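Given next are the chains, with one letter for each unit.
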Amino acid sequence: MSKTFHKEDFYQKVKEYGVNLNETQLMQFEKYAKMLVEWNEKMNLTAITDIDEIYEKHFLDSILPSFDVELKGSFCDVGAGAGFPSIPLKIVYPDLKVTIVETLGKRVTFLNALCNELGLDDVTCVHARAEDYAKDHRESFDIVSARAVANLPMLSELCIPLVKQGGMFLALKGANALEEYQLAEKAIHILGCEKKQMDEKVLSDGSKRVNFVFEKVNPTPKKYPRAFAKIKKNPL
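All figures in this text were calculated on a predicted structure; none of them were measured in a lab.

Student: How should the overall build of the chain be read in this particular structure?
Tutor: Each helix and strand counted, the chain has nine helices and seven strands in total. For the chain, whose C-alpha radius of gyration is 17 Å, the value lies close to the compact-globule estimate of 18 Å for 236 residues. Burial status across the chain gives 53% buried among its 236 residues. Sequence separation of at least 24 residues holds for 69% of the intrachain contacts in the chain that already meet a minimum separation of 6. Computed over 32 positive and 34 negative side-chain charges, the inter-centroid distance for the chain is 7 Å.

Student: Explain the sheet that holds strand β7 (residues 208-216) to me, please; I cannot follow it from the model alone.
Tutor: The strands that make up a sheet pair up through hydrogen bonds in the backbone, lying either parallel or antiparallel. Pairing is mixed in the open sheet, where seven strands are placed in the order β3-β2-β1-β4-β5-β7-β6. Looking along the sheet, the strands with just one partner apiece sit at the ends: β3 (123-127) and β6 (193-202). In this sheet, neighbouring strand axes are inclined to one another by 20° on average, regardless of whether the strands run parallel or antiparallel. Two elements, strand β1 (residues 74-78) and strand β4 (residues 141-147), share three bridges in a ladder whose sense is parallel. Among the inter-strand pairings, Asp 77 is bridged to a residue of β4, identified as Ser 145. Against the sheet, helix α3 (residues 51-63) engages β4, β5 (163-173) and β7, with an angle of about 150° to β4. The sheet contacts of helix α7 (residues 152-159) involve β1, β4, β5 and β7, and relative to β5 the element is tilted by about 150°.

Student: So what exactly am I meant to see when it comes to helix α2 (residues 23-40) here?
Tutor: In an α-helix, one turn spans 3.6 residues; hence positions three or four apart end up facing the same way. Between its first and last C-alpha, α2 extends 26 Å over 18 residues, near the 26 Å set by a 1.5 Å rise per residue. Taken residue by residue, α2 has Gln 25, Gln 28, Phe 29, Tyr 32, Ala 33, Met 35, Leu 36, Trp 39 and Asn 40 as its buried positions. Along α2, the residues classed as buried sweep out an arc of 165° about the axis, all on the same side. Away from its buried face, by an angle of more than 90 degrees, α2 presents the exposed residues Glu 23 and Lys 34.

Student: Looking at this structure, how should I read helix α1 (residues 7-16)?
Tutor: Those residues of α1 not exposed but buried are Lys 7, Phe 10 and Val 14. Taken down its axis, α1 places every buried residue within 30° of arc, on the same side. Close packing links the buried residues of α1 with α2 and α3. Once α1 finishes, Gly 18 follows within two positions and takes phi at roughly 90°, a positive value.

Student: Looking at this structure, I do not really get the packing of α2 against helix α5 (residues 105-118). What am I missing?
Tutor: Closest axis-to-axis distance for the α2/α5 pair is 10 Å, and the angle between their directions is 150°. Between α2 and α5, the angle is such that the two are roughly antiparallel. Crossing of α2 over α5 shows right-handed handedness. Of the residues in α5, those in contact with Gln 28, Lys 31, Tyr 32, Met 35, Leu 36 and Trp 39 of α2 are Thr 109, Phe 110, Ala 113, Leu 114, Glu 117 and Leu 118. A per-class count over the contact of α2 with α5 returns eight nonpolar, two polar and two charged.

Student: How should I be thinking about the environment of Cys 193 in this particular structure?
Tutor: Structurally, Cys 193 is set in strand β6. Put simply, Cys 193 and Ser 66 are 127 residues apart on the chain and 20 Å apart in space, counted from C-alpha to C-alpha. Each residue touching Cys 193, except ones within four places of it in the same chain, is listed here: Ile 160, Phe 169, Ile 188, Phe 214, Glu 215, Lys 216 and Val 217.

Student: Looking at this model, I keep getting lost on the packing of aromatic side chains. Mind explaining?
Tutor: Two descriptors summarise a pair of aromatic rings, namely the distance from one centre to the other and the angle between the planes of the rings. Under the defined criterion, the tally for this structure stands at 17 aromatic pairs. The interplanar angle of 45° and the centroid separation of 5.0 Å between the aromatic rings of Phe 29 and Phe 59 together place this pair among those described as tilted. With Phe 29 in helix α2 and Phe 59 in helix α3, the pair connects residues that are 30 residues apart, well separated along the chain. In this structure Phe 29 comes out as buried when scored by relative accessible area, which is 0%. The interplanar angle of 35° and the centroid separation of 4.9 Å between the aromatic rings of Tyr 32 and Phe 59 together place this pair among those described as tilted. Within this pair, whereas Tyr 32 is found in helix α2, its partner Phe 59 is found in helix α3, the two being separated by 27 residues in sequence. Both residues of the pair, Tyr 32 and Phe 59, belong to the buried class. Here a set of aromatic residues connected by ring pairs shows up, and it is made of Phe 10, Tyr 11, Phe 29, Tyr 32, Tyr 55, Phe 59 and Phe 84. The aromatic ring of Trp 39 is capped on one face by Lys 42, whose charged end is 4.3 Å from the ring centroid. Above the ring of Phe 228, the side-chain terminus of Arg 129 is found at 4.8 Å from the ring centroid.

Criteria and cut-off values
- Throughout, a residue's number is its position along its own chain's written sequence, starting from 1.
- Where local features are concerned, this predicted model is filtered to residues with pLDDT of at least 70; where side-chain atom pairs are given and counted, the filter is 80 or more; whole-chain, interface and lining totals use all residues.
- Only hydrogens and water are set aside; all other atoms, that is, all heavy atoms of the structure, feed into the side-chain values.
- Elements are defined by DSSP. Helices are runs of H or I of four residues or more, strands are runs of E of two residues or more, and each kind is numbered from the N terminus.
- Both definitions apply: the radius of gyration is a C-alpha atom measure, and the globule rule equals 2.2 Å times residues to the power 0.38.
- Burial classes follow relative accessibility: with a 1.4 Å probe on protein chains only, a residue under 20% of its type's maximum area counts as buried, one over 50% as exposed, and anything between as partly exposed.
- Pairs of residues are marked as contacts when any of their non-hydrogen atoms sit within 4.5 Å.
- Neither His nor the chain ends is counted toward charge; the positive residues are Lys and Arg and the negative residues Asp and Glu.
- In plain terms, the charge of a residue is placed at NZ if it is Lys, CZ if Arg, CG if Asp and CD if Glu.
- Here, any two strands with at least 2 DSSP bridges between them count as paired.
- An axis is simply a line fitted to the C-alpha atoms; with a helix, the fit covers only the stretch in contact. Between two such axes, the angle follows the N-to-C directions and lies from 0 to 180 degrees.
- In this scheme, a helix's expected span is set at 1.5 Å multiplied by one less than its residue total.
- Comment: arc refers to directions from the helix axis out to C-beta atoms.
- Each angle receives one of four descriptions, namely roughly parallel if under 35 degrees, roughly antiparallel if over 145, roughly perpendicular if within 65 to 115, and oblique otherwise.
- When the near helix sits turned anticlockwise from the far one by under a right angle, the crossing is termed left-handed; a clockwise turn instead gives a right-handed crossing.
- Note on residue categories: nonpolar means Ala, Val, Leu, Ile, Met, Phe, Trp, Tyr, Cys or Pro, charged means Asp, Glu, Lys or Arg, and polar means any other residue, Gly included.
- Think of it this way: a Phe, Tyr or Trp ring, Trp meaning its six-membered ring, pairs with another when their centres are within 6.5 Å, and the plane angle makes it stacked under 30 degrees, edge-to-face over 60, tilted otherwise.
- Over a ring means this: the NZ of a Lys or the CZ of an Arg is within 6 Å of the ring centre and within 35 degrees of the ring normal.

Right, here's the structure in full:
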């Protein structure tokens, strides 16, 4: 079966949205894909190891939200895993000031090596749980994002406390996005956000991507986020 998406399609796709990647950026994506495949042999970073698929289902997928909303300022990526969505966004928008909060130490090791190899400045990789990190960094980021970390009710409590008032929580979701949103609507409101927009895109295999933008309109009550066990057992 022939592939319907090649890495060249990635360059074309971003160009359609008005993003012209320079030689440095193209090289950074090349190195990123290569490192992802190499390191994946030593540690579990991704189930996607085909280069063309990496370009669509990791790189393109990560930057899709930026075609619908302007991303600038400080950006916190909760549970980034192998760096998604923050590192592809940082490559495309070098002025973003990125903080990655990741619970697994070996992934932090990979992310530090990656940023070093790609020559990325202003990226801080923190080995911590989001709910612990929030204790000292409440309401300190313009944008907080997460992709494929947890369902939206849990994710909201992990992310929204970190968002500045007037900032945004960006949730990257798949086919079940609307059901998740209905379950999370109350939590999102309690935590101080309201839905600003919902953007849908379809990948070459027909799979759906739904990206939510929630605006922080009120401060998050001090008692949130709770301990992870409580968030999991009793979502808001």
